[in-house]
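# What the coordinates show
Chain residues, written in single-letter form:
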Amino acid sequence: MSVRRRYALVGAGSRASMYLGALAGDHAADGELVAIGDTNPGRLDVHTRRLLAAGAPAPQRFDPVELGETVRRLGVDRVIVTTPDVFHADYVVAALEAGADAVVEKPLTTTEDGVRRIADAVERTGRDVLVTFNYRYAPRNSALKQLIDSGEIGDVTSLHFEWLLDTAHGADYFRRWHRQKENSGGLLVHKSSHHFDLVNWWISGVPTRVFASGGLRFYGAENAAARGLGPRPERGSSDSPLTDAFSLDLRTNENYRELYLENEGFDGYRRDADVFDAGITIEDNLSLVVDHALASGGRSSMSYSLTAHAPWEGYVVGVNGTRGRAELTVVERGSVLSEGGTVDPSMHPEAVAQEETRPVSERLVVQQQFGTARDVEIPVGAGGHGGGDALLLRDVFRGPADDPLGRTASWRDGVRSVVVGIAGNRSLETGEAVRTADLDLGAGRAALGAHLTRS
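Residues numbered from 1 in each chain as written. Predicted model: local features only at pLDDT ≥ 70, side-chain atom pairs only at ≥ 80, totals over all residues. Heavy atoms only, no water.

Next up on the list: helix α4 (residues 88-97). With seven of its ten residues buried, α4 lies for the most part within the structure. Those residues of α4 lying buried are His-88, Ala-89, Tyr-91, Val-92, Val-93, Ala-95 and Leu-96. A positive backbone phi angle near 105° is found at Gly-99, which sits one or two residues after α4. (Buried < 20%, exposed > 50% of the residue type's maximum accessible area, 1.4 Å probe, protein only. Helix = DSSP H or I, 4+ residues; strand = E, 2+ residues; numbered from the N terminus.)

Let us look at the pairing of strand β2 (residues 31-37). Extensive coverage of β2 is indicated by the burial of six of its seven residues. Both strand β1 (residues 5-10) and β2 contribute to a ladder of six bridges, which runs parallel. Within β2, the position partnered with Arg-5 by the bridge is Gly-31. Bridge analysis of β2 against strand β3 (residues 60-62) gives three bridges, and the strand direction is parallel. Bridged to Ile-36 within β3 is Arg-61. At this point the chain moves from β2, through helix α2 (residues 41-53), to the parallel β3, and the crossover so formed is right-handed. (Pairing = 2+ DSSP bridges. Right-handed = clockwise from strand over helix to strand, strands pointing away.)

This paragraph deals with the layout of surface pockets. Counted as a void, the largest pocket has a volume near 1,300 Å³. If you trace the largest pocket, you find 49 residues lining it, with Gly-13, Ser-14, Arg-15, Arg-176 and Tyr-260 closest to the centre. Secondary structure elements with two or more residues in the lining of the largest pocket: α1 (16-24), α4, α7 (169-172), α12 (254-259) and α14 (384-398). Among the residues forming the lining of the largest pocket, the class breakdown is 15 nonpolar, 20 polar and 14 charged. (1 Å grid on protein atoms, 1.4 Å probe; cavity = no way out; pocket = protein on both sides within 12 Å on 5 of 7 lines; lining within 4 Å. Points joined across faces, edges and corners; volume = space filled by probe spheres on them. Nonpolar A, V, L, I, M, F, W, Y, C, P; charged D, E, K, R; others polar.)

Packing of helix α6 (residues 139-150) against helix α10 (residues 192-203) brings their axes to within 8 Å, and their N-to-C directions diverge by 30°. Comparing the axis directions of α6 and α10 gives the class roughly parallel. The residues of α10 that touch α6, namely those facing Asn-141, Ser-142, Leu-144, Lys-145, Ile-148 and Asp-149, are Leu-198, Trp-201 and Trp-202. (Axes fitted to C-alpha atoms, helices over the stretch in contact; angles between N-to-C directions. Parallel < 35°, antiparallel > 145°, perpendicular 65-115°, else oblique. Contact = heavy atoms within 4.5 Å.)

Taken as a whole, this structure holds 19 aromatic pairs when the rule is applied. Ring plane angle 85° and centroid distance 6.3 Å describe the contact between Tyr-135 and Tyr-315, whose orientation is recorded as edge-to-face. Of this pair, Tyr-135 sits in the loop between β6 (129-132) and α6 while Tyr-315 sits in strand β11 (residues 313-321); the two residues are 180 residues apart in sequence, bridging distant segments of the chain. Pair check on accessibility: Tyr-135 and Tyr-315 agree, each one buried. Look at Phe-161 and Trp-202: their rings are 5.8 Å apart centre to centre, the planes differ by 45°, and that puts the pair in the tilted class. Residue Phe-161 is located in strand β7 (residues 156-166), and its partner Trp-202 is located in helix α10; the two are separated by 41 residues in the primary sequence. (Phe/Tyr/Trp six-rings, centres within 6.5 Å; stacked < 30°, edge-to-face > 60°.)

Further remarks concern the nonpolar core. Judged by nonpolar contacts, the single largest core of 96 residues is most densely connected at Val-79, Phe-161 and Trp-202. When residues no more than four places from it in sequence are discounted, the contact partners of Trp-202 are Asn-141, Leu-144, Lys-145, Ile-148, Asp-149, Phe-161, Val-317 and Leu-328. The next biggest cluster of nonpolar side chains, apart from the first, holds 23 residues, and it includes Ala-12, Leu-20, Ala-24 and Leu-33. (Core = buried A, V, L, I, M, F, W, Y, C linked by side-chain atoms within 4.5 Å.)

The next thing to look at is the environment of Gly-37. Here Gly-37 lies in strand β2. Residues Gly-37 and Pro-404, spaced 367 residues apart in sequence, show a C-alpha to C-alpha distance of 36 Å. Discounting residues that sit within four places of it in the chain, Gly-37 has contacts with Leu-9, Val-10, Gly-11, Ala-12, Leu-44, Phe-62 and Pro-64.

With that settled, the discussion passes to the environment of Arg-175. Mapped onto the secondary structure, Arg-175 falls in the loop between α7 and α8 (181-184). Sequence separation between Arg-175 and Asp-277 is 102 residues; the distance between their C-alpha atoms is 9.3 Å. Within the structure, the side chain of Arg-175 is placed 3.4 Å from the backbone oxygen of Phe-246, a separation counted as a polar contact. (Polar contact = N/O pair within 3.5 Å; in protein donor to acceptor, adjacent residues only side chain to side chain.)

Summed over all chains, the structure comprises 43 salt bridges. In this structure, Arg-398 and Asp-30 form a salt bridge, with 2.9 Å as the shortest nitrogen-oxygen distance. You can see Arg-398 sitting in helix α14 and its partner Asp-30 sitting in the loop between α1 and β2, a full 368 residues away along the chain. Residue class for Arg-398 comes out partly exposed when judged on its relative accessible area of 44%. Residue classification places Asp-30 among the buried positions, given a relative accessible area of 5%. A salt bridge links Arg-394 to Asp-395; the shortest N-O distance between them is 3.5 Å. On the basis of relative accessible area, Arg-394 is assigned to the partly exposed category, the value being 28%. Taken together, the shared-partner salt bridges connect Asp-90, Asp-113, Arg-116, Arg-117 and Asp-440 into one network. (Salt bridge = Lys/Arg side-chain N within 4 Å of Asp/Glu carboxyl O.)

Before going further, it helps to spend a moment on the confidence of the model for the protein chain. Across the protein chain, the average pLDDT comes to 94, with 96% of residues at or above 70. Predicted confidence is poor over residues 450-455, with pLDDT under 50, and the contacts of this stretch with residues over four places away or in other chains come to 15 contacts. (pLDDT = per-residue confidence, 0-100.)

Strand order in this open sheet of nine strands is β14-β13-β12-β11-β7-β10-β9-β8-β16, and the pairing throughout is mixed. Among the strands making up the open sheet, the edge pair consists of β14 (374-376) and β16 (434-435). Pairing geometry for strand β8 (residues 205-215) and β16, over two bridges, is antiparallel. Counted as the bridge partner of Arg-209 is Arg-435 from β16. Each of β8, β9 (285-294) and β16 is contacted by helix α15 (residues 411-430), which is oriented at about 40° to β8, the strand it contacts most.

Given below as structure tokens:
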């Protein structure tokens, strides 16, 4: 039987909706939202209205700088952190020091300093930090983990991982706060931490060395000028004749309109900046080589690529072993014909139109040496992130069930994923390979130990 905990949430943007909806719906018996904090009071108004409409009580409001005091005053058991990435370490540490556990959206943090601060706070307080890597729970990704663990392809020797973000979803990172590396750590930290965590989990490995190459080659003002795109609209929510398929009109999406467009007056934040304007500091094309130490004592290497302006969205994974190879191919959206309000197909698969040539699909194939290929059955998953969101929320609010796959992710897993992006960013700056052991992680270095223990 689960314990009904008292929750506070900090960061009332669109990502908060999944947790707030769970506490007002399927998991109302597992937890009570007693407080919600954000720097924008308008977004607090929106979420409060939605909670009341769902039959849940209105939580108390707090200024995020008062998180620790709020935890102590209201007897909060757990704090859910859904703020921009740059603030994750601040609020995780504040929650732990005030006596609460933390549930934090990926990435765990964006910098070496953030890793140090979180690891030190965990060591001082003995509190828990859960990182919500929902892609672990997608049945297709769990099926690949089971296949590797079964030994059918032998000991893992290398892995290729290609992730394609299309011109709706990929473009979206260049419209909002993510476009500044100081806010998000770039796509290597914000987005790819999902992917690096999957690899660490699939192969039971720890990243040891990273070499990265990439740049801003499609979005941004300089690239637009080089391709002769001409004048651009200042923003997507505009009646300007300059708007096009890369423009996001917040007026056409009720959620974005309520949370962002109607509340710009409080903080000036625009959710719909032009993807081809100046000042973007993150990359849109990235390639990495990552070495891993495996729990078995072996070694593996990964080639990884991320493209943020592809015509379709999905990913391809190939895992090579001493006995054979496994291949997972996923199409989350086959084409982008217009924006149509659907930005992230993995979060809103119900809004993705099916097509004949490149249908939404997933396929896992295994082939042993000197044998023929066979398809591996993937259980059907419903809902966001390949069916992973519902299973993740069950773990968050009811506690992990007996799970031989070990899908629940601790702060140590968060460190192992984010250090690839942190090391990758340093490699982009220096042009050199970076050893993760050389990062200044403080007590966080324990997460890179060869023992690979979970906590």
